[in-house]
Amino acid sequence: MRILLIEDDAVLSDMMLRSLRDANHRVDLATNVEDADHLWRVQLFDAVLLDLTLPLTASRTSGLASGLHVLRQARGRGDRTPVLVLTARDRTDERIAGLDAGADDYLGKPFDLAEVEARLRALVRRAQGTEDVSTLGGLRLDRKARRFGVAGVPLDLPAREFEVLWELMSPPGRTVSKRALSDKLSTFDESLGDNALEAFISRLRKKLAGSGASIRTLRGLGYLLEAETEADA
């Protein structure tokens with residue numbers, strides 16, 4: 001997943017960045033309202049982790065604003081990215097305010113990082129209309145376990161190849177553009193170019209041989225993961 005983390009606590013954000021990146025997610029960090037609003041406008045994310053108490057800008061750390069302002073701005077322009085609010089504000093009326101502003105879920109601090117990731121997966125599954133398990137031919141994706149398998153045998157993939165196949169399988173049968181794939185696998189600090197993406201696709205095609213699933217290139221449109229027919233075999 002590509003995630004936008006909006007959190008101004010340096011210790012907490014560093015811990016969350018390491019945890020989410022260790023789980024092979026691409027994470028961009030915003031530490032104030034201005035940067036959060038800008039990043040959310042210019043980039044597509046699978047999910048947003050939002051703190052409620054934020055400085056207005058990097059140069060005005062004395063002034064505080066509510067993260068709900070950033071959320072209301074996004075919802076006002078029609079952005080439906082799943083949002084998990086993480087905050088020390090844990091009163092019932094504040095939870096209601098967050099949900100009414102457009103948050104999808106709410107978790108009070110302190111929290112367990114494993115629960116944060118589990119809730120993110122649930123939000124993204126719901127937004128994408130996908131289930132915990134997807135199959136195509138003999139290829140099987142268990143999203144909860146974060147594992148691919150072919151005919152019951154685990155398919156071990158490097159992190160980037162795993163993420164490419166995950167995107168093509170969520171759900172299968174849809175065309176995913178090169179730009180969408182590159183955006184999902186990049187951050188503002190590290191960009192994935194077309195040549196690298198094509199190399200990942202080439203290696204995945206070889207590893208999917210005999211799985212009953214294959215990646216088709218649709219010129220000018222992107223890539224499609226589909227079940228092989230008898231004519232393809």
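Up top is the structure.
Draft legend 1. Looking closely at the overall build of the protein chain. A count of helices and strands for the protein chain gives 8 helices and 14 strands. In terms of overall dimensions, the protein chain is globule-like: its C-alpha atoms have a radius of gyration of 19 Å, near the 17 Å expected for 233 residues. If you sum the accessible surface of the protein chain, you get close to 11500 Å²; carbon and sulfur atoms cover 49% of it. Measuring between centres, the 34 positive side-chain charges of the protein chain sit 3 Å from its 37 negative side-chain charges.

Draft legend 2. Structural context of the sheet that holds strand β8 (residues 133-136). Pairing is antiparallel in the open sheet, where 4 strands are placed in the order β8-β9-β10-β11. Bordering the open sheet on either side are β8 and β11 (153-155), each of which pairs with just one other strand. Averaged over neighbouring strand pairs, the angle between their axes works out to 30° when direction is ignored. Sheet topology places strand β10 (residues 147-150) next to β11; 3 bridges connect them, and they run antiparallel. Among the inter-strand pairings, Val150 is bridged to a residue of β11, identified as Val153. Each of β9 (139-142), β10 and β11 touches helix α6 (residues 159-168); the most contacted strand, β10, lies at about 80° to it.

Draft legend 3. Quick peek at the packing of aromatic side chains. Under the definition given, this model contains 2 aromatic pairs. Ring centres 5.2 Å apart and planes at 70° place the aromatic pair Phe148 and Phe162 in the edge-to-face group. Of this pair, Phe148 sits in strand β10 while Phe162 sits in helix α6, and the two are 14 residues apart along the sequence. For Phe148, a relative accessible area of 2% corresponds to the buried category. Here Phe162 and Trp166 contribute two aromatic rings whose centre-to-centre distance is 5.7 Å and whose plane-to-plane angle is 40°, an arrangement assigned as tilted. Of this pair, Phe162 and Trp166 both sit in helix α6, 4 residues apart, which is roughly one turn of that helix. Using a relative accessible area of 9% as the deciding quantity, one classes Phe162 as buried. An aromatic cluster of three or more residues is present, and its members are Phe148, Phe162 and Trp166.

Conventions adopted
- Residues numbered from 1 in each chain as written.
- Predicted model: local features only at pLDDT ≥ 70, side-chain atom pairs only at ≥ 80, totals over all residues.
- Heavy atoms only, no water.
- Helix = DSSP H or I, 4+ residues; strand = E, 2+ residues; numbered from the N terminus.
- Rg over C-alpha atoms; globule rule 2.2 N^0.38 Å.
- Areas by Shrake-Rupley, 256 points an atom, 1.4 Å probe, with all protein chains shown as cover.
- Lys, Arg positive; Asp, Glu negative; His and termini not counted.
- Charge placed at Lys NZ, Arg CZ, Asp CG, Glu CD.
- Pairing = 2+ DSSP bridges.
- Axes fitted to C-alpha atoms, helices over the stretch in contact; angles between N-to-C directions.
- Contact = heavy atoms within 4.5 Å.
- Phe/Tyr/Trp six-rings, centres within 6.5 Å; stacked < 30°, edge-to-face > 60°.
- Buried < 20%, exposed > 50% of the residue type's maximum accessible area, 1.4 Å probe, protein only.

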